[in-house]
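# Examining the three-dimensional arrangement
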Amino acid sequence: MAATQEEILEGLAEIVNEIAGIPTEDVEREKSFTDDLDVDSLSMVEVVVAAEERFDVKIPDDDVKNLKTVGDAVDYILKHQG
Amino acid sequence: MPSKIEPGKGSAYPRILGVGGYRPTRVVPNEEILKHIDSSDEWIRSRSGIATRHWAGPEETVAQMSLEAAGKAVASAGIAPEQIGAVVISTVSHFKQTPSIATEIAHRLGAGKAAAFDISAACAGFVYGLTIAKGLVVDGSADHVLVIGVERLSDLTDVTDRSTAFLFGDGAGAVVVGPSDVPAMGPSVWGSEGDKADVITQTVPWDGFRVGAVAELPLGEDGELKFPAIRQEGQTVFRWAVFEMAKVAAQALEAAGISPGDLDVFIPHQANMRIIDSMVKTLKLPEHVTVARDVETTGNTSAASIPLAMERLLATGQAKSGDTALVIGFGAGLVYAATVVTLP
């Protein structure tokens, strides 16, 4: 069953917490991965791979650079999940 | 009836008998790299884990560094140079294409008329060479094979490119592979992914410097011809290196019949500390496994990185002779190779 927007946000928060050590409650839609959440370009790859596994979605490298905010990632996953 | 051909009488069990390394005398700290790029020591360390690297001086040629490392490897193996039956050198930074650098090294080292040739497999080159050496010893085509990984990547570094200027280093690492009484090298898990050829590449081919060969000659801001450099797509390389190479590493363990719990040492190609840390996490290696982190003070030395790291782990007592080590090389091609070995 496809995940809802809330479930995706919650899952991403857990992933970002695991990889960058950011408290889950700080992972909000409008937050920028690099500027607000201390997720640099390499950590972003780890976040993306973890999200791919969790939400059964493929996020090619070319699309990763468009995911600036948590909301961008939530919307992308919502649209592309299997 | 075809004539009967005698098969070779090699050793069933090849082994790394000795290892040696050479690091150029000049140590280049991040502060020096920062003269040419807008970055910071903190940024470089956080993205790569690299604090210093060695850059070769004019006397520290590819040949000279190779000889230094090879001499140590031969001494450490306890053999005489004339016992070497083949010399295999992996490098992407020896700028005279023919003859090979291997023939010069065989001659200058005193390896007589040993077979000698260069191979091109970038950062996987050392394990590719090891794989070839293993086959030669098993087959009996050579009793002892000298495998050298050597690079002067400072020559292929664009010091003004803020994403790669800090990555590369120079040096040479060598091993001697010879016969053993017990199994000491597992099968190699290796391959290539030519569909990703553009991910890590030399900016301009040598014949691109012929006038008219390409639409625009590679010119720097000063209008001078710009020497080729190595460029890479960092995120793509990171994803491939961490997640795809972890699978290859796991396959190499399985092929050798070694469980992660049996492993003593992990020596991945020293590309970037973040790749190493993430690979260790993905592979779920047990705490007791010693992980090579030579990249911090050596940078990425491509084909030389694994034997250099191996030599340092043994020299500092972090690893010991007889330990079981997983080695994996991966890089431009893309190419990769992993195997399990007993440390010399």
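Here the structure is a predicted model, which means the values were calculated and not measured.

Bringing the interface of chain B and chain A into the picture now. At the interface, 11 residues of chain B touch 14 residues of chain A. With both chains or domains summed, chain B and chain A bury close to 1200 Å², and 50% of this area falls on carbon and sulfur atoms. The interface formed by chain B and chain A includes five salt bridges. The residue Arg274(B) makes a salt bridge to Asp40(A) at a minimum N-O spacing of 2.8 Å. At the boundary of chain B with chain A, the tally comes to nine residue pairs in polar contact (both at pLDDT 80 or more). For the side of chain B that touches chain A, the elements supplying multiple residues, two or more each, are helix H6 (234-256) and helix H7 (273-283) of chain B.

Okay, the UniProt feature "domain: Beta-ketoacyl-[acyl-carrier-protein] synthase III C-terminal" (unreviewed entry) in chain B next. Mapped onto the present numbering, the UniProt feature "domain: Beta-ketoacyl-[acyl-carrier-protein] synthase III C-terminal" (unreviewed entry) falls on residues 253-342 of chain B. Annotation note: span residues 253-342 of chain B, helix share 33%, strand share 24%, distance between end C-alpha atoms 13 Å.

What follows is about the pattern of salt bridges. Counted by the stated rule, this structure contains 24 salt bridges over all chains. In this structure, Asp62(A) and Lys65(A) form a salt bridge, with 3.4 Å as the shortest nitrogen-oxygen distance. Of the residues examined, Asp62(A) reaches a relative accessible area of 56% and is grouped as exposed. According to the relative accessible area criterion, Lys65(A) is partly exposed, its value standing at 47%. A single salt-bridge network, built from bridges that share partners, covers Asp40(A), Arg47(B) and Arg274(B).

Let us now look at the UniProt feature "modified residue: O-(pantetheine 4'-phosphoryl)serine" (unreviewed entry) in chain A. In this numbering, the UniProt entry assigns the feature "modified residue: O-(pantetheine 4'-phosphoryl)serine" (unreviewed entry) to Ser41(A). Judged by relative accessible area, Ser41(A) falls into the partly exposed class, the value being 29%. Excluding residues within four positions of it along the chain, Ser41(A) makes contact with Arg47(B) and Gln235(B).

Let us look at the sheet that holds strand S6 (residues 144-152) of chain B. Residues and elements named next belong to chain B. On the basis of which strands lie adjacent, the open sheet formed by five strands has the order S1-S7-S6-S4-S5 and mixed pairing. Only two strands of the sheet have a single partner each, and these edge strands are strand S1 (14-22) and strand S5 (115-119). Each strand of the sheet is rotated relative to its neighbour by a mean of 15 degrees, with strand direction disregarded. Across five bridges, strand S4 (residues 84-90) lies against S5 in parallel orientation.

Reading guide: rules and limits
- Residues numbered from 1 in each chain as written.
- Chains lettered and ligands numbered in written order.
- Predicted model: local features only at pLDDT ≥ 70, side-chain atom pairs only at ≥ 80, totals over all residues.
- Heavy atoms only, no water.
- Contact = heavy atoms within 4.5 Å.
- Buried area = accessible area lost by both parts, 1.4 Å probe.
- Salt bridge = Lys/Arg side-chain N within 4 Å of Asp/Glu carboxyl O.
- Polar contact = N/O pair within 3.5 Å; in protein donor to acceptor, adjacent residues only side chain to side chain.
- Helix = DSSP H or I, 4+ residues; strand = E, 2+ residues; numbered from the N terminus.
- UniProt positions renumbered as here; feature names shortened; annotations may be inferred.
- Buried < 20%, exposed > 50% of the residue type's maximum accessible area, 1.4 Å probe, protein only.
- Pairing = 2+ DSSP bridges.
- Axes fitted to C-alpha atoms, helices over the stretch in contact; angles between N-to-C directions.

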